[in-house]
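Coordinates in review
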Amino acid sequence: QWLNKIAQSVGKQFDENGEMAEAGNCNQQLFDKLNSFSFYHQKAPKSLSNQDCEVFYQHNILPFNLSTNDILRTITEHIAYQINAVLPLINSTKKCLVTGGGAFNNSLINQLQKNKNWQFIIPDKNLIAFKEALIFAFLGTLRWRNEINILQTITGATRDTSSGAVYLP
C-alpha cells in the first residue's frame with residue numbers, strides 16, 4: 001500500500017519493476033522509524049487495517065523530506081527486513097512463495113534474496129495476477145454457503161465469522 005501511494009504521488013500507478021526504489025538509497029532514520037511501527041510488536045493473531053497504514057504514513061513517512069526514490073528504497077528494504085524477521089517464526093521449510101504485486105518488484109525480490117537461508121519462489125505470472133480474485137471467490141463461496149470465512153486465530157477477531165454480504169437479483 002505504501003509503495004503504490006508514494007509512486008502515485010509522482011504520477012505513477014506503481015513503481016514498475018521496483019526501478020524507482022532501485023535508483024534510491026535507504027535512509028537509516030526512516031528505516032528505524034518504519035520498524036518501530038507498533039503493529040510489529042503485537043502478538044499474533046493480528047490484522048493490519050488500511051486506516052492503521054494511513055495514519056502511520058501521514059505521521060511517520062510524510063514528514064521525512066526525502067526523494068521519492070529514497071523513500072521507496074527505504075520502505076522496500078523495510079518490507080524485506082520484516083518478512084525475513086517473521087519467516088523463521090511461521091515457517092520451518094526455508095521456502096517462501098512470493099505472490100501479489102511484490103513479486104513483480106525486482107527491488108523487493110533483490111532485498112529478500114539477500115537472505116541466503118531462504119529460497120524465495122516466484123510462481124507463474126498468471127497465478128500472481130489472479131490469486132486475489134481466486135481467494136475472494138473462495139471467500140464468497142464460503143459466505144454463500146454460510147460457512148466460516150474469517151478465523152479469529154488468523155485475524156485476531158473476537159470470534160470466527162462468516163463475513164460478507166449476499167445480494168440476490
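In what follows, the structure referred to is the one given above.
So, here's what we can say about the structure. (Residues numbered from 1 in each chain as written. Predicted model: local features only at pLDDT ≥ 70, side-chain atom pairs only at ≥ 80, totals over all residues. Heavy atoms only, no water.)

1. Things to note about the overall build of the protein chain
Secondary structure assignment for the protein chain yields eight helices and two strands. C-alpha atoms of the protein chain, sized along the principal axes, occupy 50 × 35 × 35 Å. Of all 169 residues assigned to the protein chain, the portion counted as buried reaches 31%. Taking contacts inside the protein chain between residues at least 6 apart in sequence as the whole, the part at least 24 apart equals 66%. Carbon and sulfur atoms provide 53% of the accessible area of the protein chain, an area that totals close to 11100 Å². (Helix = DSSP H or I, 4+ residues; strand = E, 2+ residues; numbered from the N terminus. Buried < 20%, exposed > 50% of the residue type's maximum accessible area, 1.4 Å probe, protein only. Contact = heavy atoms within 4.5 Å. Areas by Shrake-Rupley, 256 points an atom, 1.4 Å probe, with all protein chains shown as cover.)

2. Brief notes about the pattern of salt bridges
In this structure the tally under the stated criterion is three salt bridges. Linking Glu54 and Lys5 is a salt bridge whose minimum nitrogen-to-oxygen distance equals 3.1 Å. In this pair, Glu54 is assigned in helix H4 (residues 50-61) and Lys5 in helix H1 (residues 2-8), connecting sequence segments 49 residues apart. With relative accessibility at 23%, the residue Glu54 sits in the partly exposed group. The salt bridge partner of Glu147 is Arg145, with a shortest N-O separation of 2.7 Å. Using a relative accessible area of 53% as the deciding quantity, one classes Arg145 as exposed. (Salt bridge = Lys/Arg side-chain N within 4 Å of Asp/Glu carboxyl O.)

3. What to know about the nonpolar core
Trp2, Ile6, Leu34, Ile61 and Ile75 are the most contacted members of the largest nonpolar core, which totals 17 residues. Breaking this core down by element, the ones donating at least two residues are H1, helix H2 (19-22), helix H3 (28-35), H4 and helix H5 (68-90). Tallying contributions element by element places H4 first for this core, with four residues. Residues within four places of Ile75 in sequence aside, it is in contact with Trp2, Leu3, Ile6, Leu34 and Ile61. (Core = buried A, V, L, I, M, F, W, Y, C linked by side-chain atoms within 4.5 Å.)

4. Here we look at the packing of aromatic side chains
Given two aromatic rings, their pairing is described by the distance between the two centres and the angle made by the two planes. If you walk through the whole model with that rule in mind, you get seven aromatic pairs. Their ring planes at 45 degrees and their centres at 6.0 Å tell us that Trp2 and Phe37 sit as a pair that is tilted. Taken together, the residues Trp2 in helix H1 and Phe37 in the loop between H3 and H4 connect sequence positions 35 residues apart. Assessed through its relative accessible area of 9%, Trp2 is described here as buried. (Phe/Tyr/Trp six-rings, centres within 6.5 Å; stacked < 30°, edge-to-face > 60°.)

5. Details of the environment of Ile154
Note that Ile154 resides in helix H8 (residues 152-155). Contact partners of Ile154, with chain neighbours within four places excluded, come to Pro45 and Lys46.

6. A closer look at the packing of H3 against H5
Viewed as axis vectors pointing N to C, H3 and H5 meet at an angle of 45 degrees, and their least axial separation amounts to 9 Å. Judged on the interaxial angle alone, H5 and H3 are oblique. Between H3 and H5 lies a crossing whose hand is right-handed. Between H3 and H5, the residues in contact are Leu30, Phe31, Leu34 and Asn35 and Ile71, Thr74, Ile75, Glu77, His78, Tyr81 and Gln82, respectively. Looking at the contact of H3 with H5, its residues break down into six nonpolar, four polar and one charged. (Axes fitted to C-alpha atoms, helices over the stretch in contact; angles between N-to-C directions. Parallel < 35°, antiparallel > 145°, perpendicular 65-115°, else oblique. Left-handed = near helix turned anticlockwise from the far one by under 90°. Nonpolar A, V, L, I, M, F, W, Y, C, P; charged D, E, K, R; others polar.)

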